[in-house]
Amino acid sequence: GMIGTNGTVIGNRVTPNLNTTPESYQLHQAFADMVEAGCEYMIMEVSSQGIKMHRTDGLFFDYGLFTNISPDHIGPDEHADFAEYLYYKSRLMTMCKVGLVNRGDEHYEGIVKDASCVAEEAGDVKADFVARNIRYVAEDSFVGTEFDVKGQFEMDVRLGIPGLFNVDNALAAVSLCSFLGLDRERIGHGLEHIRVDGRMEIV
């Protein structure tokens with residue numbers, strides 16, 4: 001199952017969401033539906049606004065992933081300033097057993113300073129998981145990147161969407177999959193053939 005900007009996904013059924021992180025009663029209904037449908041895993045976008053507005057109160061995740069933060073989502077209907085935004089973004093690290101955090105982000109220390117989880121690190125040469133030899137690829141039917149994962153888990157990745165920020169996202173996904181015990185072939189196939197509606201689609 002999956003909950004996020006592109007909707008709530010349960011098997012092949014997709015329901016649109018008004019918010020990236022729906023209201024708490026909607027979340028728990030979705031969780032119940034996922035269990036009923038036999039889902040083994042649930043992946044969810046936990047927005048800083050969702051945390052601020054108590055939509056995620058009482059939830060505790062096996063794994064929390066943080067890739068980056070920049071000065072957006074600031075305004076009268078979002079966060080008062082960047083300090084507030086960073087604070088609520090960092091709360092995810094108090095809501096999970098294991099945190100996977102991009103050590104290369106300039107706000108890394110602010111994200112992990114109150115962490116109550118076992119914080120793993122992904123993203124630079126001091127980290128447990130590192131992306132090396134990043135290469136852009138442009139072919140007739142494939143536009144994306146290739147890179148090597150080094151460190152605690154090693155594999156070669158061919159990623160079906162371009163952009164350095166997507167390398168960060170893919171490295172986080174590989175790191176998480178290594179904890180779940182998924183094999184390299186399965187991880188590699190998923191990343192090479194990844195398609196997200198409205199995101200970096202080939203036209």
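Residues numbered from 1 in each chain as written. Predicted model: local features only at pLDDT ≥ 70, side-chain atom pairs only at ≥ 80, totals over all residues. Heavy atoms only, no water.

J.: Could you clarify how one ought to interpret the nonpolar core in this entry?
T.: Formed by 24 residues in total, the largest nonpolar core has its most connected members in Ile3, Met44, Phe61, Met93, Val101 and Ile111. Broken down by secondary-structure element, the contributors of at least two residues to this core are α1 (24–37), β5 (61–66), α3 (82–90), β6 (96–102) and α4 (108–112). For this core, the element with the most residues is α1, which contributes 4 residues. The contacts of methionine 44, once residues within four sequence positions are left out, are Ile3, Thr21, Leu27, Phe31, Thr56, Leu59 and Phe61. Judged by nonpolar contacts, the second largest core, of 18 residues, contains Phe153, Met155, Val167 and Leu171. (Core = buried A, V, L, I, M, F, W, Y, C linked by side-chain atoms within 4.5 Å. Buried < 20%, exposed > 50% of the residue type's maximum accessible area, 1.4 Å probe, protein only. Helix = DSSP H or I, 4+ residues; strand = E, 2+ residues; numbered from the N terminus. Contact = heavy atoms within 4.5 Å.)

J.: Would you take a moment to explain unusual backbone geometry for this structure?
T.: Note on backbone geometry: most residues besides glycine have negative phi, and most peptide bonds are trans. Here the phi dihedral of histidine 54 falls at roughly 65°; this positive angle occurs in a residue that is not glycine. Locating histidine 54 in the fold gives a position in the loop between α2 (48–52) and β5. Take histidine 54: its relative accessible area is 51%, and that puts it in the exposed class. A positive phi angle, close to 55°, is found at asparagine 133, a residue other than glycine.

J.: Help me out: how do you make sense of a nonpolar patch on the surface in this one?
T.: Judged by side-chain polarity, Ile134, Tyr136 and Leu164 come together as a nonpolar surface patch covering roughly 320 Å² of accessible area. Among the structural elements, isoleucine 134 can be located in strand β8 (residues 129–138). (Patch = residues over 30% accessible without salt bridge, like charges linked within 9 Å, V, L, I, M, F, W, Y side chains within 5 Å. Areas by Shrake-Rupley, 256 points an atom, 1.4 Å probe, with all protein chains shown as cover. Salt bridge = Lys/Arg side-chain N within 4 Å of Asp/Glu carboxyl O.)

J.: What am I meant to see in helix α6 (residues 184–192) here?
T.: Turning to α6, its buried residues are Ile187, Gly188 and Leu191. Around the axis of α6, the buried residues are gathered within 95° of arc, so they sit on the same side. For α6, the exposed residues set more than 90 degrees away from the buried face come down to Glu185, Arg186 and His189. Buried residues belonging to α6 abut β10 (155–159) and α5 (164–180). A distance of 3.2 Å separates the backbone nitrogen of glutamate 185 from a side-chain oxygen at the start of α6, and that oxygen is part of aspartate 183. (Arc of directions from axis to C-beta. Polar contact = N/O pair within 3.5 Å; in protein donor to acceptor, adjacent residues only side chain to side chain.)

J.: Help me out: how do you make sense of the side chain of asparagine 102 in this one?
T.: Examined against the element boundaries, asparagine 102 turns out to sit in strand β6. At 2.9 Å, the side chain of asparagine 102 and the backbone nitrogen of glycine 104 are in polar contact. The contact partners of asparagine 102, leaving out residues within four places of it in the chain, are Phe66, Thr67, Tyr108, Ala122, Gly123 and Asp168.

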